[in-house]
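# Fold and contact review
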Amino acid sequence: MDYKILKTDLSDGILTVTISRPKALNALNTEFFNEMDALIAEVKANPEVKIMVITGEGKAFVAGADIAEMVNKNREEGTAFSKLGQNTFRSLELLDIPVIAAVNGFALGGGMELTMACDFRIASAKAKFGQPEVNLGLIPGYAGTQRLSRLTNMGNALYLLMTADMIGAEDALRMGLVQKVTEPETLMEETLKIAKNIVSKGPQAVKKVKQVVRKGYEMSLDEGSALEAEEFGSLFGENSEGREGMKAFLEKRKPEWG
Ligand code: CAA
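Residues numbered from 1 in each chain as written. Predicted model: local features only at pLDDT ≥ 70, side-chain atom pairs only at ≥ 80, totals over all residues. Heavy atoms only, no water.

Okay, the domain arrangement of the protein chain next. Segmenting the protein chain into domains produces domain 1 (6-199) and domain 2 (203-250). The straight-line distance from the C-alpha centre of domain 1 to that of domain 2 is 28 Å. Residue-level contacts link twelve residues of domain 1 with five residues of domain 2. Of the roughly 710 Å² buried between domain 1 and domain 2, counting both surfaces, carbon and sulfur atoms make up 46%. (Domains from an automatic or database assignment. Contact = heavy atoms within 4.5 Å. Buried area = accessible area lost by both parts, 1.4 Å probe.)

Structure below.
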């Protein structure tokens, strides 16, 4: 499919998706969500895609939901626009492959919410994070009120949501919102290095890590541990990925994942 806002590049199993609407600082409109939904469907159907990296073109990652599109909406339309974004971000989060946010600049409002729907975040030292919705008399609409406290903690979430403070990459790192900060020039190089490293691991194991950690987060410790034991077991046996990985270790060779 041809996309207007999303630029895609697939190489060595890594799908790089660049959000490209730089005149509006990549603000998220209905067209973006329609394109992202279509892309997610394509990714699900394409086994060549092993991992996805999302970044933004220009000085922003994404400066939020499109304020110009939202301004004249009524109550029902406001709720619908929230659900549209929530559904897309949830589908992204539920993809079985890893999704990394490479945060190049402003990640505000819906932009920060998009980064939080990714599995983890690598940030340029120039990145800025914030949930400025209260400045507009709004609250986040793409599950930012839910994911921020889960990813960091209740105090950080309420602080950022109530003050609308814009924080830099180092503060985001300290809060546990991002996992690594890079020099601006090396953001993509370093993110792709991380993606390549993950692609070299047992592909089933990587998918199961995502599935078990994410599902387990919603479960009790005992239920989550039971799920882990099941999935651990599923990687054993003849022709399994675990058998190959362990045999390769013992035979001092690189595993062939098949
Ligand atoms: N929606 C629509 N347009 C936006 C936008 C947004 N979220 N953010 C920036 N733009 C547009 C600006 O209107 C401007 O357009 P024009 O050139 O046509 O005037 C263009 O992008 C460039 O922006 P600025 O001139 O403002 O650039 P700057 O460098 O001076 O400031 C900024 C950068 C601090 C990010 C500033 O643009 C800003 O504060 N943007 C809004 C951030 C925001 O409030 N985001 C939350 C949106 S609400 C939301 O996301 C709700 C939700 O969860 C669903």
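Read on for the rest.
Attention now moves to the packing of aromatic side chains. Applying the stated criterion across every chain, the model contains seven aromatic pairs. Consider the rings of Phe 32 and Phe 33, whose centres lie 5.1 Å apart with planes at 75°: the pair is edge-to-face. In terms of burial, Phe 32 and Phe 33 fall into one category: buried. Put simply, the rings of Phe 32, Phe 33, Phe 81, Phe 89 and Tyr 142 touch in pairs and so form one group of aromatic residues. Here the basic side chain of Lys 73 rests over the ring of Phe 81, its NZ or CZ set 5.0 Å away from the ring centre. (Phe/Tyr/Trp six-rings, centres within 6.5 Å; stacked < 30°, edge-to-face > 60°. Buried < 20%, exposed > 50% of the residue type's maximum accessible area, 1.4 Å probe, protein only. Lys NZ or Arg CZ within 6 Å of the ring centre and 35° of its normal.)

A grouping of Ile 67, Leu 136 and Leu 138 is seen on the molecular surface, where their side chains present a nonpolar patch of about 260 Å² in accessible area. Looking at the secondary structure, you find Leu 136 in the loop between strand S8 (128-130) and helix H5 (144-151). For Leu 136, a relative accessible area of 48% gives the class partly exposed. (Patch = residues over 30% accessible without salt bridge, like charges linked within 9 Å, V, L, I, M, F, W, Y side chains within 5 Å. Areas by Shrake-Rupley, 256 points an atom, 1.4 Å probe, with all protein chains shown as cover. Salt bridge = Lys/Arg side-chain N within 4 Å of Asp/Glu carboxyl O. Helix = DSSP H or I, 4+ residues; strand = E, 2+ residues; numbered from the N terminus.)

Glancing now at the pairing of strand S5 (residues 99-103). Burial within S5 is extensive, with five of its five residues counted as buried. Along S5, one buried face is formed by Val 99, Ala 101 and Val 103 and the opposite face, lined by Ile 100 and Ala 102, is buried too. Across three bridges, strand S3 (residues 51-56) lies against S5 in parallel orientation. Residue pairing across strands places Val 53 opposite Ile 100, the latter belonging to S5. The pairing of S5 with strand S7 (residues 120-124) spans four bridges and is parallel. Residue pairing for S7: Ala 101 is matched across the bridge by Arg 121. (Pairing = 2+ DSSP bridges.)

Turning next to the sheet that holds strand S4 (residues 60-62). The strand order across the open sheet built from four strands is S4-S6-S8-S9, with neighbouring strands paired in mixed fashion. Taken across any chain shown, the strands that pair with only one partner, and hence form the sheet edges, are S4 and strand S9 (167-168). Bridging between S4 and strand S6 (residues 106-108) involves two bridges; their strand directions are parallel. Considered in S6, the bridge of Val 62 is made with Ala 107. Relative to the sheet, helix H4 (residues 110-117) contacts S4, S6 and S8, its axis offset from that of S6 by approximately 90°. (Axes fitted to C-alpha atoms, helices over the stretch in contact; angles between N-to-C directions.)

With that settled, consider the site of the ligand. Looking at the ligand, there are 22 residues lining it, with Lys 59, Ala 63, Ala 65, Gly 110 and Glu 113 nearest. A distance of 2.9 Å separates a nitrogen atom of the ligand from a polar backbone atom of Ile 67. Glu 113 has a polar side-chain atom sitting 2.5 Å from an oxygen atom of the ligand. Computed on the free molecule, the ligand has an accessible area of 980 Å², of which 61% lies beneath the protein chains in the complex. By residue class, the composition of the shell around the ligand is 13 nonpolar, four polar and five charged. (Near = heavy atom within 4 Å. Polar contact = N/O pair within 3.5 Å; in protein donor to acceptor, adjacent residues only side chain to side chain. Nonpolar A, V, L, I, M, F, W, Y, C, P; charged D, E, K, R; others polar.)

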